[in-house]
Amino acid sequence: EISGQKFKINEKDHYFGIARDITQRKKAEQELRESEAKFRSYINNAPDGIFISDENGKYLEVNPRASKITGYSEKELLQMHIPDLLFKEDIENGLKHFQQLKKKGISRGEFVFQTKTGENRFWHVAAVKLSNTRFLGFVQDITEKKIFEKQLQEKNYFIQSILDEFPIGIATNEINTQKVTYINPKFAEIYGWPVEEFPTTLDFFNKLFPDKTYREKLQAEIIADIASGDPERMKWDNLRITTKDGKEKIVFAFNIPLSAMNTMVSTVQDVTDEKKAEERLKESEERFRELVNSINSGVAVYRVINDGSSGSDYIIKDFNRYSLTHEQLEKKDVIGKSLKDIRPNIDDYGLIDTFREVWKTGEPAYFPAKIYVDEKYSNYYENRVFRLPSGEIVAIYDDVSDRENAMAEIKKSRLELEESEEKFRLLFENAGLGIGYYNPEGRVIAFNHKALQNSGLPSEKVVGKTLTELFGETSGADYNKRLIHAITFGKTEIYEDRIKVKDKTFWYRSNYTP
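Residues numbered from 1 in each chain as written. Predicted model: local features only at pLDDT ≥ 70, side-chain atom pairs only at ≥ 80, totals over all residues. Heavy atoms only, no water.

K.L.:
Before we move on, could you go through helix H14 (residues 351-361) and cite the residues and values that matter?
P.N.:
Among the residues of H14, Leu351, Ile352, Thr354, Phe355 and Val358 are the ones counted as buried. Burial along H14 is one-sided: seen end-on, the buried residues are contained in an arc of 160 degrees. Away from its buried face by more than 90 degrees, H14 exposes Asp353 and Lys360. Buried residues along H14 sit in contact with strand S13 (298-304), strand S14 (314-319), helix H13 (339-342), strand S15 (365-373), strand S16 (378-387) and strand S17 (393-399). Positive phi appears at Gly362, one or two residues downstream of H14, with a value of about 80 degrees. (Buried < 20%, exposed > 50% of the residue type's maximum accessible area, 1.4 Å probe, protein only. Helix = DSSP H or I, 4+ residues; strand = E, 2+ residues; numbered from the N terminus. Arc of directions from axis to C-beta. Contact = heavy atoms within 4.5 Å.)

Okay, structure coming up:
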């Protein structure tokens, strides 16, 4: 960089010049520009929304991501303040966050913001103070995370609630330390000891099996069974345990090792009242069967073989009473047969595709009313299909032939009515005679073309008028009287009338037909 100056000595012009080496400064300026460009690129392409505001919370600069997550354009955002984006119930909290940022220079928090469309979303905000008049905020949209956390929390609560209310005793312990990590109320109830009495599985054995010889023998067997890794060996029946109050019980225990989680799941059932439970189950099954048999719908249970792509792959396991009556068969005639045996055209019907989808996915499905035809049947059926935990398919079906046929008749009648109305309209409009159409009060609903021509009046002057209003008191009153008489007594009246239209008088033969 060179600079110079002119000056005089003894009235003579002189010049001096100064040269500086500014290579380092130029290099620093270039590096600064590159750094700023790189920083600007980072800001513009950052995955987080970036907001820069002044000390009053007014946005001074935003990146494209900020526009993306708010729905507002950059221009719109630069006209806004922090509270403008906050959900109204979170404004106070957001302003506290901003005041903390001013005082401490840094602040983090989660807030509910509103997008331009009015949608409430969760954002995580991490902000730093750049100066007394500049504040930088990084915003992440964590809505999906919050939803997932809520779902996970609800799921965990749901699972915990199930475990706490489960009718089977359940406990977990760490495999390596034998530390007990969870005991549900039923587990403590069955074993008859408070939860706090079992900090480890060793305490469990010492308390439940007071007889040392029996305890050591049983403990060795159980440890060997668990070490085998064979699930079938981790089921122990007829275990005789002693409760804290000295009562003896016989229980069935079943363990599930979750080695990857260093967790052993222990379950227990009190089988002392097993017979009563079996009787209750039998009664429940009988009630359910009676319920199924009493409903006015067909219920069919199928076992699926092969790939489920044909009616021959659906083997009948059970039909309810309605199904048997509808088929006019006995149970012995259908059990073990395929659906195709009793519905030979079922593969062309479309229902098998629904069966197969339900069988594969486990998702219930509805098959709408459709006519099935073979040599024996020509009926409309609608089906609701679901899969049992056993993998069997259940179809609940209804014969809706009467309904569908009635709907077809209604549709046919509607078409016939529309055709009749169209014929009437054409006759009305194109008749060579004047035709008037009146309501029960004798007011004109419509005149056809010939009637309008005869009356010498346009349609808009006719509709809604009485004959008296149209043709005056002299002759119109008589016409109106005769019309009302025909309507009242429900019979056709025929008259020859003289009518004056404008300055001309005409004779008409009139038929008044209700």
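K.L.:
Can you lay out the sheet that holds strand S4 (residues 59-62) for me, pointing to particular residues and giving the numbers?
P.N.:
Backbone-to-backbone hydrogen bonds join strands into a sheet, with any given pair of strands oriented parallel or antiparallel. Taken in spatial order, the five strands of this open sheet run S4-S3-S7-S6-S5, and their pairing is antiparallel. On the outer flanks of this sheet lie S4 and strand S5 (106-114), each paired with one strand and no other. Each strand axis lies, on average, 30 degrees off the axis of its neighbour in the sheet, ignoring direction. Relative to S4, strand S3 (residues 49-53) runs antiparallel, the two being bridged by three bridges. Residue pairing for S4: Ser53 is matched across the bridge by Tyr59. In this fold helix H5 (residues 91-104) packs onto S3, S5, strand S6 (120-131) and strand S7 (134-141), with an angle of close to 160 degrees to the strand it touches most, S5. Packed on one face of the sheet, helix H6 (residues 143-165) meets S5, S6 and S7 and runs near 125 degrees to S6. (Pairing = 2+ DSSP bridges. Axes fitted to C-alpha atoms, helices over the stretch in contact; angles between N-to-C directions.)

K.L.:
Describe the sheet that holds S14, with residues and values.
P.N.:
Taken together, the five strands give an open sheet; going across it, the order is S14-S13-S17-S16-S15, and neighbouring strands pair in antiparallel fashion. Each edge of the open sheet is held by one strand with a lone partner, namely S14 and S15. Each strand of the sheet is rotated relative to its neighbour by a mean of 30 degrees, with strand direction disregarded. Together, S13, S14, S15, S16 and S17 form the strand contacts of H14, whose direction differs from that of S16 by roughly 5 degrees.

K.L.:
A description of the pattern of salt bridges should follow, citing residues and the corresponding values.
P.N.:
As enumerated under the stated definition, the model contains 21 salt bridges in all. For Glu144, the salt bridge goes to Arg121, with nearest N and O atoms at 2.9 Å. Of the two residues, Glu144 is situated in helix H6 and Arg121 in strand S6; the sequence distance between them amounts to 23 residues. Here Lys249 ties to Asp270 by a salt bridge, and the two come within 4.0 Å at their closest N and O atoms. Of this pair, Lys249 sits in strand S11 (residues 248-258) while Asp270 sits in strand S12 (residues 263-270), and the two are 21 residues apart along the sequence. According to the relative accessible area criterion, Lys249 is buried, its value standing at 13%. Note on Asp270: relative accessible area 28%, which makes it partly exposed. (Salt bridge = Lys/Arg side-chain N within 4 Å of Asp/Glu carboxyl O.)

K.L.:
Before we move on, could you go through unusual backbone geometry and cite the residues and values that matter?
P.N.:
Phi is positive for Gln178, which is not a glycine, with a value near 65 degrees. Locating Gln178 in the fold gives a position in the loop between strand S8 (169-174) and strand S9 (180-183). In this structure, Asn262 takes a positive phi of about 55 degrees despite not being glycine. Structurally, the position occupied by Asn262 is in the loop between S11 and S12. The class of Asn262 is partly exposed, set by a relative accessible area of 26%.

K.L.:
Tell me about the environment of Ala188, and name the residues and values.
P.N.:
With respect to the helices and strands, Ala188 occurs in helix H7 (residues 185-191). What makes Ala188 buried here is its relative accessible area of 14%. In sequence terms Ala188 and Gly169 are 19 residues apart; their C-alpha atoms lie 7.3 Å from each other. Each residue touching Ala188, except ones within four places of it in the same chain, is listed here: Ile183, Trp193 and Val195.

K.L.:
I'd like a description of the nonpolar core, backed by residues and values.
P.N.:
Among the nonpolar cores identified, the biggest contains 24 residues, and Tyr302, Tyr314, Phe319, Leu339, Tyr349, Phe355 and Ile393 are the most heavily contacted of them. If you list the elements that add at least two residues to this core, you get S13, S14, H13, H14, S15, S16 and S17. Among the elements that line this core, the one with the most residues is H14, at four residues. The residues touching Tyr302, leaving out its near neighbours within four places in the chain, are Tyr314, Ile315, Ile316, Lys317, Phe319, Leu339, Phe355, Glu392, Ile393 and Ala395. (Core = buried A, V, L, I, M, F, W, Y, C linked by side-chain atoms within 4.5 Å.)

K.L.:
Account for the packing of helix H8 (residues 201-208) against helix H9 (residues 212-228), with residues named and values stated.
P.N.:
In the contact formed by H8 and H9, the axes pass within 10 Å of each other and the chain directions differ by 140 degrees. With respect to H9, the axis of H8 lies oblique. Here H8 runs over H9; the crossing is right-handed. Along its contact with H8, which presents Leu202, Phe205 and Asn206, the element H9 presents Arg215, Gln219 and Ile222. For the contact of H8 with H9, the class distribution of residues is three nonpolar, two polar and one charged. (Parallel < 35°, antiparallel > 145°, perpendicular 65-115°, else oblique. Left-handed = near helix turned anticlockwise from the far one by under 90°. Nonpolar A, V, L, I, M, F, W, Y, C, P; charged D, E, K, R; others polar.)

K.L.:
Give me the lowdown on the pairing of strand S19 (residues 444-447), citing residues and values where you can.
P.N.:
Pairing of strand S18 (residues 436-438) with S19, which is carried by three bridges, proceeds in the antiparallel orientation. Residue pairing in the sheet places Tyr437 in a bridge with Ala446 of S19. Hairpin connection of S18 to S19: five residues between the antiparallel strands, including Gly442 at a positive phi of 85 degrees.

K.L.:
Account for the packing of aromatic side chains, with residues named and values stated.
P.N.:
Going through the model one piece at a time under the given rule, you end up with 18 aromatic pairs. On the basis of an interplanar angle of 90 degrees and a centroid distance of 6.5 Å, the ring pair of Tyr302 and Tyr314 is categorised as edge-to-face. You can see Tyr302 sitting in strand S13 and its partner Tyr314 sitting in strand S14, a full 12 residues away along the chain. Under the relative-accessibility criterion, Tyr314 is labelled buried at 0%. Geometrically, the ring pair formed by Tyr314 and Phe355 is edge-to-face, given 5.2 Å between the ring centres and 65 degrees between the ring planes. Here Tyr314 is found in strand S14, whereas its partner Phe355 is found in helix H14, with 41 residues between them in sequence. (Phe/Tyr/Trp six-rings, centres within 6.5 Å; stacked < 30°, edge-to-face > 60°.)

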